[in-house]
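An overview of the molecular structure
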Amino acid sequence: MGYVEEQYELFLEDPELVDPSLKDIFREYGAPEWISSGGTTQPGSQGLTDGDVQKISTTMKLVESIRRHGHLEANIYPVGRKKDRYSPLVDPKTYGLSDEDLRSIPSKWIWKNAPANVKNALDVVNTLRSRYSGKISFEFYHVHDNDEREWLQQSVESEEFKVSLSSEEKKELLKSLAEVEGFEQFLGKTFVGQKRFSIEGLDVMVPMLNRLVHDAKNDSVEHVLMGMAHRGRLNVLAHVLGKPYDLIFSEFHHSPDKELIPSEGSTGINYGWTGDVKYHFGADRDIKREGEKSTRVTLAHNPSHLEFVNPIVEGYTRAAQDDRSHKGYAKPDPNKAFTISIHGDAAFIGEGVVAETLNLSRLEGYHTGGTIHIIANNLVGFTTNNTDGRSTTYASDLAKGFEIPVVHVNADDPEACLTAVNLVYEYRKKFQKDILIDLVGYRRYGHNEMDEPRSTQPFLYKDIDQHESVLHEYANTLNEEGVITDDEFTQLKKDVSKKFKSIYDNMKEDEQEEPEEAEVPEALANGLDEIETAVPLETLKELNENMLKRPEDFTVFKKLERILKKRAKGFEEGKVDWALGEALAFATILKEGTPIRITGQDTERGTFAHRHAVLHDVETEKTYSPFHELDGVNASFDVYNSPLSEIGVLGFEYGYSVQSPETLVFWEAQFGDFANTAQVILDQFIAAGRAKWGQKSNMVLLLPHGYEGQGPEHSSARLERFLQLSAENNFTVANVTSSAQFFHLLRRQAAIGGKDSARPLVVMSPKSLLRNPRVAAAPSEFTEGKFKPVVEQENLGKKKTKVKRLVLGSGKIMVDLDEALEEHKGEDFDWLHVLRVEQIYPFPAKQIKDMMARYKNIEEIVWVQEEPRNAGSWDFVKEELQTLAKDSQMVKYIGRPRRSSPSVGEPNIHKSEQNKIINQTLKLSKGGDSQ
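Residues numbered from 1 in each chain as written. Predicted model: local features only at pLDDT ≥ 70, side-chain atom pairs only at ≥ 80, totals over all residues. Heavy atoms only, no water.

Moving on, we get to the sheet that holds strand β18 (residues 637-641). With mixed pairing, seven strands are arranged side by side in an open sheet as β18-β15-β19-β20-β22-β21-β26. The outermost strands of the open sheet, each flanked by one partner alone, are β18 and β26 (839-841). Between one strand and the next, the sheet's axes are offset by a mean angle of 20°, whatever the strand orientation. The pairing of strand β15 (residues 596-600) with strand β19 (residues 664-668) spans five bridges and is parallel. Of the residues in β19, the one forming a bridge with threonine 599 is tryptophan 667. (Pairing = 2+ DSSP bridges. Helix = DSSP H or I, 4+ residues; strand = E, 2+ residues; numbered from the N terminus. Axes fitted to C-alpha atoms, helices over the stretch in contact; angles between N-to-C directions.)

Here it is in structure tokens:
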């Protein structure tokens, strides 16, 4: 007692002077109870020795260690060498404590909230070990928020969310597991040797997802948006999304006996025209709530690039949450929608896109009020053991860096799995943060049922071969509890098998010898030339005046103030520069009721400081956006600086654009070169999503591109890669050279949102041209006309019979040619005409052909570009130009030679090369100094 009193006095002086375990006791319980208000020892309380106090202190350490490290010996592995784990961190012997020692300590000294039946410290240790080291275990001490940690601890230790099922509910759960297993077994027997990426070993994931959907419906959630890879996808489609069995069977083509047609009344799913393999498709399902409303459950389409669907589904969710019907920022309601992301154990830790997506979770522009993550942990990545696949204890450890609580649960205990679901659903709802379930099971067969895992994992698969499925294990449990009999279980399995066989047998044979190829939708095949995008001058002036307003007490950076004042004179001086042209495009689109969302690195001001969509008060650091206070606007304008991420952010914005087709969504790369990092999103989703899955998007990619001598990573947006991906009008690729052209291009893009003609837009946006007076346009170019895919060079081609060389190109090089023509305006250029190809794909062949028809004596058609010959547009346009050329006309290339690097690094060499291209194109003197 004297020792404790002495320690308590030290604690009052400075808490750091006492042992951490005593410090925790004093903080939680205050002064020892025998100390009176006067600080003296009360009679009758003697007898506690120094050794007793040390025992209490050590017991506290043990209890805290169970809370922190109980997961290290939890029974979460159904199979494999880790089934029976031991950790000295939670063993009383490690702390020198015997059962007698623990029995001598009252439970309330150790665990304030101990249940009534927990009498002493031994009971405390045993109870807490059952909570933290059973078939469900927890990691949450990495969460820094004290309220969250206390809530999690209380929830775990009180077993508040532990499921307690009635006999009927247990039978329903068993039936669900029987349908999951029966479906997989039927597919395996009927379609022998075909890939299905079976869920077997993780069967309980289906009832878990159904519980989440059920809870969402009860809470009137409007959207549940799911992303997952292949493992178990067909079963989830069937039993969570309600995709008809016969439709799934019909997708297993080249079956042994017949091609299958789904029965009448089977709901089809509208895929794209080229389609995809069956285990990449998603689906939607509406689940009715009370009244007319419903909860919409969506499983996103997903290619073989596994985790890359993660940011896309987050984008879906944010779009489903946002209210965009007013000016200012859109207002998200996290209760309207939430995400369920299902990951593979190897992919979660191995794929960098996972970390990029997790990092979005608490950022203002990207948060979705918490995602429920489930790792479908089958212990093997393809054929790689986890000892070769990660440097961490668990597949889930990456999440801990983002303060995401982790629940590990044994997939062979369905009730523990539903308990995990109850907890994570309530946590997400209460704290609006991500939480993760590590669902630990196994994989019954090889990765895709066609490879043999026993050659690489012999011990593991010997164990799996002898291991009962979760269906049979749970049936045994219910049998022991007297809930079902053996005969009832046998009949249940027969009924399930009979159901699948009956559906299959009643399907029709396909009498068509050759399936017909679906065609590109007509609206997509057509051009966009008919869209009118001009805006009256009065409207433009009024909007420009609106954008120059700000609160009276708002102080802008002086240099920026001068720039903004210059915008006011754009119409008076007759020159609207790029920044003002873009701002007017945004303002007019908002005025017409289309919301805008634009994100990227430094996007608020623009990478090259041209945009200034958000102003910062130099005195107070308050912010103000002119686009948020436009008169008569009822559409939101979201502008956010993104984290340093390309895959995650571009995926998010693509998902947003698909879910909210009425919104014009922009992603701006800091430099176009950095789009390289997001190549999977570009290849698998943006370029091909419409053809594979019928997924519409009209998002805009702004990729700063142009050769100014800034070196290999700051010159090229790899235009050639987008052109290589161009087919079937899958997107528009443009490289424009005037503010008016950009204005009309963006307005045209806004006009196709949500329509069959929708497609993404890829813009090679400028850098140095942002401030080049040659890209400024007269106000009349905004109030008249529309976007021109081809623009003729002014003051050339007047004498039609004299034109011998026709030069075509796009982007900054065409402005450089314009400057060179101005410098040499005294020379005779009657032999030359120049066309700017502002839209490279779809290639404007008809417009070029019509222009060429005016010039009967053309001898050579020249394509000029800044990029190396094996980059840029040349390989794409040369075939188009050769088709347009007559037999007597030569098609030539002027530009840099083939190069392995996109550009040179030395500025002087760059200038020399650039001069050479100009001189060759205009047939000037050689020029260019290689010194």
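Still to come is the rest of the account.
Relative to the elements of secondary structure, leucine 701 occurs in strand β20 (residues 700-702). Relative accessible area serves as the criterion here: at 0%, leucine 701 is assigned to the buried category. The spatial distance from the C-alpha of leucine 701 to the C-alpha of glutamine 684 is 16 Å, given a sequence separation of 17 residues. Contacts of leucine 701, omitting those with residues within four sequence positions, involve Leu650, Trp667, Leu682, Ile686, Phe722, Leu761, Val762 and Val763. (Buried < 20%, exposed > 50% of the residue type's maximum accessible area, 1.4 Å probe, protein only. Contact = heavy atoms within 4.5 Å.)

Our focus in this paragraph is the nonpolar core. Counting 110 residues, the largest nonpolar core has Leu209, Met226, Phe249 and Leu439 as its most contacted members. Per-element accounting of this core gives the leading share, ten residues, to helix α17 (residues 414-431). Look past the residues within four positions of leucine 439 in its chain and what remains in contact with it is Leu202, Val204, Met205, Met208, Ile374, Ile375, Ala376, Asn377, Val409, Ala411 and Cys417. Among the nonpolar cores identified, the runner-up in size contains 75 residues, and Phe652, Tyr841, Phe843 and Leu881 belong to it. (Core = buried A, V, L, I, M, F, W, Y, C linked by side-chain atoms within 4.5 Å.)

Below, the discussion takes up the sheet that holds strand β9 (residues 371-377). Within a sheet, adjacent strands bond to each other through the backbone by hydrogen bonds, running parallel or antiparallel. Sheet architecture is open: eight strands sit in the order β1-β12-β13-β9-β8-β2-β5-β4, paired in mixed fashion. Of all strands in the sheet, those with a lone pairing partner are β1 (136-139) and β4 (283-288), marking the two edges. Mean inter-strand twist for the sheet, computed between neighbouring axes without regard to direction, equals 15°. In the packing of α17 onto the sheet, the strands contacted are β1, β8 (337-344), β9, β12 (406-410) and β13 (435-440), and the crossing angle to β12 comes to about 165°.

The peptide bond linking tyrosine 841 to proline 842 adopts the cis configuration, its omega dihedral lying at -5°. Within the secondary structure, proline 842 is located in the loop between β26 and α32 (845-852). A positive phi is found at aspartate 602, a non-glycine position, where the angle reads about 65°. The residue aspartate 602 is located in the loop between β15 and β16 (615-616) in this model. Assessed through its relative accessible area of 31%, aspartate 602 is described here as partly exposed. Phi is positive for histidine 612, close to 55°, though the residue is something other than glycine. For histidine 612, a relative accessible area of 11% translates into the label buried.

Before going further, it helps to spend a moment on the packing of helix α25 (residues 647-659) against helix α26 (residues 679-686). Taken N-terminus to C-terminus, the directions of α25 and α26 make an angle of 25°; their axes are 9 Å apart at the nearest point. Between α25 and α26, the angle is such that the two are roughly parallel. Residues Ile647, Leu650, Gly651 and Tyr654 of α25 touch α26, and the partners they reach there are Ile681, Leu682, Phe685 and Ile686. The class makeup of the residues in the contact of α25 with α26 is seven nonpolar, one polar and no charged. (Parallel < 35°, antiparallel > 145°, perpendicular 65-115°, else oblique. Nonpolar A, V, L, I, M, F, W, Y, C, P; charged D, E, K, R; others polar.)

In total, this model carries 39 aromatic pairs according to the counting rule given. Residues phenylalanine 183 and phenylalanine 249 carry aromatic rings whose centres are separated by 6.4 Å and whose planes lie at 20° to one another, so their mutual orientation is stacked. A residue pair is termed long-range when its members are at least 10 positions apart, and phenylalanine 183 in helix α8 (residues 167-190) and phenylalanine 249 in helix α11 (residues 245-250) qualify at 66 residues. Given the relative accessible area of 0%, phenylalanine 183 is considered buried. Taken together, a centroid distance of 5.1 Å and an interplanar angle of 40° make the contact between tyrosine 427 and phenylalanine 431 tilted. Taken together, the residues tyrosine 427 and phenylalanine 431, both in helix α17 and four residues apart, mark about one turn of the helix. Across this residue pair, the class does not change: tyrosine 427 and phenylalanine 431 are buried. Taken together, the ring pairs in this structure connect Phe183, Phe186, Phe191, Tyr245, Phe249, Phe252, Phe500 and Tyr504 into an aromatic cluster. Geometry around tyrosine 366 places arginine 597 over its ring, the cationic atom sitting 5.5 Å from the centre. A cation over a ring is seen here: arginine 597 above tyrosine 656, with NZ or CZ 4.8 Å from the ring centre. (Phe/Tyr/Trp six-rings, centres within 6.5 Å; stacked < 30°, edge-to-face > 60°. Lys NZ or Arg CZ within 6 Å of the ring centre and 35° of its normal.)

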